[in-house]
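Below are the chains, spelled out letter by letter.
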Amino acid sequence: MKENFDKCLAMLLEHEGGYVFDSRDRGGMTNLGVTRRVYEDWLDRKVTEQEMRDLTPDDVAPIYRKNYADRVCFDDVASGLDWALLDWAVNSGSSRPAKAVQHAVGAKIDGFIGAKTLQLVAKRDPKYLIDYIYTVRKAFYEGLDDYEHFGKGWSRRNTETLHQAMEMAE
């Protein structure tokens, strides 16, 4: 839902934290959840480590809106489902949550939520879809090579997102 974006952004930034540069993380240098590559693509130029360290919520909000929220049709789905889709999109790319919700509603699975998928989503209980996304996301994480190192954090985040989304769906 459109009015949920600021609330969800705040929860997202809580999940993402601040500046991190862990050599084991495929994302590389990251701040507020935005990788250096994503920020460079956004600005269409190379960025320095200091620029990455200096990122603010105001800098990253439009990136989260355009690159993630818009791609999972955040404004067009029920409260709670918007959050479940957004958080997973940010953490793993927008096609994964899109495919999960498409599978859950029996839509063509192409990784892009469009009008036909949205029509089917509107007919389903948002809580069912939130739980379904949680379950598929959990299985996805558990299948990753680096689950042993990052899995505890991913699992905590997924569980928190489930509870927050269910609360929002009330």
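Just above, that's the structure.
Bear in mind the structure is a predicted one, so any value in this text is a computation, not a measurement.

Enquirer: Before we go on, may I ask you to explain the overall build of the protein chain in this structure?
Expert: Counting its regular elements, the protein chain contains nine helices and two strands. In the protein chain, the succession of helices and strands from N to C terminus is α-β-β-α-α-α-α-α-α-α-α. For the protein chain, the C-alpha radius of gyration of 16 Å lies close to 15 Å, the compact-globule estimate for 170 residues. Overall, the C-alpha framework of the protein chain stretches about 45 × 35 × 30 Å when taken along its three principal axes. Here the protein chain holds 170 residues, and the buried ones make up 46% of them. Counted over contacts in the protein chain with a minimum sequence separation of 6, partners at least 24 positions apart contribute 58%. Of the roughly 9,100 Å² of accessible surface on the protein chain, 50% is carried by carbon and sulfur atoms. Placing the 24 positive and 29 negative side-chain charges of the protein chain at their respective mean positions leaves the two points 5 Å apart.

Enquirer: Would you mind going over helix α5 (residues 81–92) with me for this structure?
Expert: An α-helix turns once every 3.6 residues. As a result, residues three or four positions apart point the same way. With twelve residues, α5 should reach 16 Å at 1.5 Å per residue; the first-to-last C-alpha distance of 16 Å fits that figure. In terms of burial, α5 is a largely internal element, eleven of the twelve residues being buried. For α5, every residue scored as buried is listed here: Leu81, Asp82, Trp83, Ala84, Leu85, Leu86, Asp87, Trp88, Ala89, Val90 and Ser92. Check the buried side of α5 and you find it contacts α1 (5–16), α4 (57–69), α6 (95–105), α7 (115–122), α8 (126–142) and α9 (147–169).

Enquirer: Can you walk me through the packing of aromatic side chains in this structure?
Expert: Where two aromatic rings form a pair, the distance of their centres and the angle of their planes describe that pair. Within the structure shown, the criterion is met by seven aromatic pairs. Between the aromatic rings of phenylalanine 5 and phenylalanine 74, the centroid separation amounts to 5.8 Å while the plane-to-plane angle is 90°, which identifies the pairing as edge-to-face. With phenylalanine 5 in helix α1 and phenylalanine 74 in the loop between α4 and α5, this pair connects stretches of sequence that are 69 residues apart. When the ring of phenylalanine 140 is compared with that of tyrosine 141, the centres are 5.8 Å apart and the planes differ by 50°; the resulting orientation is tilted. On the basis of relative accessible area, tyrosine 141 is assigned to the buried category, the value being 1%. Taken together, the ring pairs in this structure connect Trp88, Phe140, Tyr141, Phe150 and Trp154 into an aromatic cluster. In this structure, arginine 65 packs its charged tip against the face of phenylalanine 5, placed 4.3 Å from the ring centre.

Enquirer: I tried to follow the environment of tryptophan 154 on my own but got confused; where do I start?
Expert: Tracing the chain through its elements places tryptophan 154 in helix α9. C-alpha of tryptophan 154 to C-alpha of lysine 46: the two residues are 108 residues apart in sequence and 29 Å apart in space. The contacts of tryptophan 154, once residues within four sequence positions are left out, are Asn91, Tyr141, Leu144, Asp146 and Tyr147.

Enquirer: Quick question: what am I supposed to make of the packing of α4 against α5 here?
Expert: In a packed pair of helices, the relevant descriptors are the angle between the two axes and the axis-to-axis distance. One can describe the packing of α4 onto α5 by two numbers: an axis separation of 10 Å at closest approach and a directional angle of 95°. It follows from the interaxial angle that α4 and α5 lie roughly perpendicular. Between α4 and α5, the residues in contact are Tyr64, Tyr68 and Ala69 and Leu86, Ala89 and Val90, respectively. Its residues placed into classes, the contact of α4 with α5 shows six nonpolar, no polar and no charged.

Enquirer: Can you walk me through unusual backbone geometry in this structure?
Expert: Peptide bonds are, in most cases, trans, and in most cases residues other than glycine have a negative phi. With phi around 55°, leucine 32 is a residue other than glycine that occupies positive phi space. Within the fold, leucine 32 resides in the loop between β1 (30–31) and β2 (34–35). With a relative accessible area of 12%, leucine 32 lands in the buried category.

Enquirer: Looking at this structure, I do not really get the packing of α5 against α9. What am I missing?
Expert: It is at 8 Å that the axes of α5 and α9 come closest, and there the two elements cross at 160°. Classed by the angle they form, the pair α5 and α9 counts as roughly antiparallel. For the pair α5 and α9, the crossing hand works out as right-handed. For the pair α5 and α9, the contacting residues are Asp82, Trp83, Ala84, Asp87, Val90 and Asn91 in the first and Trp154, Arg157, Thr161, Gln164, Ala165 and Met168 in the second.

What counts and what doesn't
- Residues numbered from 1 in each chain as written.
- Predicted model: local features only at pLDDT ≥ 70, side-chain atom pairs only at ≥ 80, totals over all residues.
- Heavy atoms only, no water.
- Helix = DSSP H or I, 4+ residues; strand = E, 2+ residues; numbered from the N terminus.
- Rg over C-alpha atoms; globule rule 2.2 N^0.38 Å.
- Buried < 20%, exposed > 50% of the residue type's maximum accessible area, 1.4 Å probe, protein only.
- Contact = heavy atoms within 4.5 Å.
- Areas by Shrake-Rupley, 256 points an atom, 1.4 Å probe, with all protein chains shown as cover.
- Lys, Arg positive; Asp, Glu negative; His and termini not counted.
- Charge placed at Lys NZ, Arg CZ, Asp CG, Glu CD.
- Expected span 1.5 Å × (residues − 1).
- Phe/Tyr/Trp six-rings, centres within 6.5 Å; stacked < 30°, edge-to-face > 60°.
- Lys NZ or Arg CZ within 6 Å of the ring centre and 35° of its normal.
- Axes fitted to C-alpha atoms, helices over the stretch in contact; angles between N-to-C directions.
- Parallel < 35°, antiparallel > 145°, perpendicular 65-115°, else oblique.
- Nonpolar A, V, L, I, M, F, W, Y, C, P; charged D, E, K, R; others polar.
- Left-handed = near helix turned anticlockwise from the far one by under 90°.

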